[in-house]
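Examining the three-dimensional arrangement
Residues per chain, in single letters:
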Amino acid sequence: KADDLAPPFVLPGDDDKTHALKDHRGEIVVVYFYPRDDTPGCTTEACDFRDHMPRIAKAGAVVYGISKDSVFSHGKFKAKHKINFALLSDPEFQAIDAYGARRMKSFLGKSFLGIVRSTFLIGPDGKIRKTWPNVSPKGHAVEVLEALKAAG
């Protein structure tokens, strides 16, 4: 939640690099969790961030999209939709669970443990500045951009 120290993570990215939150101390980081590569809502959200990345970067922020999908899946998704930020793989749910992004969901009357689309704005001090616990994919990048502008 806001003002908590953001849980650390070290995860592989689609770019064959390992990404650690601690490497961005002094920077603003946007971490968003999503259920699955190349599904309608996840594609909408990723493309929304893609289209707003120049302004998000200008506001001084780094963006990471995280799901349980493999780096191979992320690479295909990224290439297909020309995603311009790193997608990180968390098959063991380390970051996903640490941020509370895996919760009980229901679909067609069945309950299951799944990734809930959620976003965290992390300040240069490593503390969570803002959370979006249940994101609607369309237009979400604009909400994040407005929060970045408000944060200064």
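Refer to the structure printed above.
Right, let's walk through the structure included here. Starting from 1, residues in each chain are numbered consecutively following that chain's sequence as written. This being a predicted model, a pLDDT of at least 70 is required before a residue's local features are given, and a value of 80 or more before pairs of side-chain atoms are given or counted; all residues contribute to the totals for chains, interfaces and linings. Note that the side-chain values use all heavy atoms of the structure and ignore hydrogens as well as water.

**Quick word on the layout of surface pockets**
- For cavity detection a 1 Å grid was placed over the protein atoms alone, and a set of points counts as a cavity when a 1.4 Å probe fits there but cannot get out; an open set counts as a pocket when protein lies on both sides within 12 Å along at least five of seven lines, with lining residues being those that have an atom within 4 Å of a point. Grid points are joined across faces, edges and corners, and a volume is the space filled by probe spheres set on the points. Considered as a void within the structure, the largest pocket measures approximately 150 Å³ in volume.
- In this structure, the largest pocket is lined by Pro35, Arg36, Thr39, Lys68, Phe93, Arg102, Lys105, Phe112, Leu113, Gly114 and Ile115.
- Strands here are runs of E lasting at least two residues and helices are runs of H or I lasting at least four, both read from the DSSP assignment and numbered beginning at the N terminus. Counting residues per element, the lining of the largest pocket draws most heavily on strand E7 (residues 110-115), at four residues.
- Just so you know the grouping, Ala, Val, Leu, Ile, Met, Phe, Trp, Tyr, Cys and Pro go in nonpolar, Asp, Glu, Lys and Arg go in charged, and all remaining residues, Gly too, go in polar. A per-class count over the lining of the largest pocket returns five nonpolar, two polar and four charged.

**With respect to the nonpolar core**
- The biggest cluster of nonpolar side chains holds 23 residues, and the ones touching the most others in it are Tyr32, Phe49, Ile56, Val63, Phe85 and Leu148.
- For this core, the elements supplying multiple residues, two or more each, are strand E3 (28-33), helix H1 (40-58), strand E4 (61-67) and helix H4 (140-151).
- It only takes one pair of heavy atoms within 4.5 Å for two residues to be counted as in contact. If we skip the residues at most four places from it in the chain, Ile56 touches Phe49, Ala61, Val63, Leu145 and Leu148. Put simply, buried Ala, Val, Leu, Ile, Met, Phe, Trp, Tyr and Cys residues joined by side-chain atoms within 4.5 Å make one nonpolar core. Accessible area is worked out with a 1.4 Å probe on protein chains only. A residue is then buried under 20% of its type maximum, exposed over 50%, and partly exposed in between.

**As for the pattern of salt bridges**
- What makes a salt bridge here is a side-chain nitrogen of Lys or Arg within 4 Å of a carboxyl oxygen of Asp or Glu, nothing more. For the coordinates displayed, the defined rule picks out six salt bridges.
- Between Asp14 and Lys78 there is a salt bridge whose closest N-O contact spans 2.8 Å. Residue Asp14 is located in the loop between strand E1 (10-12) and strand E2 (18-20), and its partner Lys78 is located in helix H2 (residues 71-81); the two are separated by 64 residues in the primary sequence.
- Given a relative accessible area of 16%, Asp14 falls into the buried group.
- Asp125 is the salt-bridge partner of Arg129, the closest N and O atoms lying 3.7 Å from each other.
- Among the residues examined, Arg129 registers a relative accessible area of 40% and is labelled partly exposed.

**Details of H2**
- For H2, every residue scored as buried is listed here: His74, Phe77, Lys78 and His81. End-on, the buried residues of H2 take up no more than an arc of 100°, which puts them together on one face. Away from its buried face, by an angle of more than 90 degrees, H2 presents the exposed residues Phe72, Lys76, Ala79 and Lys80.
- Where H2 is buried, its residues meet H1, E4 and strand E5 (86-89).
- Lys82 sits one or two positions beyond H2 and adopts a positive phi of about 55°. Think of the arc as the fan of directions from the helix axis to the C-beta atoms.

**Describing the side chain of Ser118**
- Mapping Ser118 onto the fold places it in strand E8 (residues 118-122).
- Classification of Ser118 as buried rests on a relative accessible area of 1%.

**Let's talk about the pairing of E5**
- Both faces of E5 are covered, namely the face carrying Ala86 and Leu88 and the face carrying Leu87 and Ser89.
- In this sheet, E5 lies alongside E4 in parallel orientation, the contact comprising four bridges. Bridging across to E5, Ser67 finds its partner in Ser89.
- A clockwise path from the first strand over the helix to the second, with the strands pointing away from the viewer, defines a right-handed crossover. For the crossover that starts at E4, traverses H2 and ends in the parallel E5, the hand is right-handed. In this scheme, strands are said to pair when DSSP sees at least two bridges between them.

**A few points about the sheet that holds E5**
- Judged by pairing direction, the sheet is mixed, and its five strands sit side by side in the order E5-E4-E3-E8-E9 without closing on themselves. Every other strand in the sheet has two partners, leaving E5 and strand E9 (128-132) as the edge strands with one partner each. Across the sheet, the axes of successive neighbouring strands diverge by a mean angle of 20°, strand direction being ignored.
- As a rule, the C-alpha atoms of each element are fitted with a line to give its axis, helices using only the stretch in contact, and angles between N-to-C directions run from 0 to 180 degrees. The strands touched by H2 within the sheet are E4 and E5, with E5 carrying the most contacts at an inclination of about 155°.
- Relative to the sheet, H4 contacts E3, E4, E8 and E9, its axis offset from that of E9 by approximately 155°.

Without other data, these values stay purely geometric and don't point to any function.
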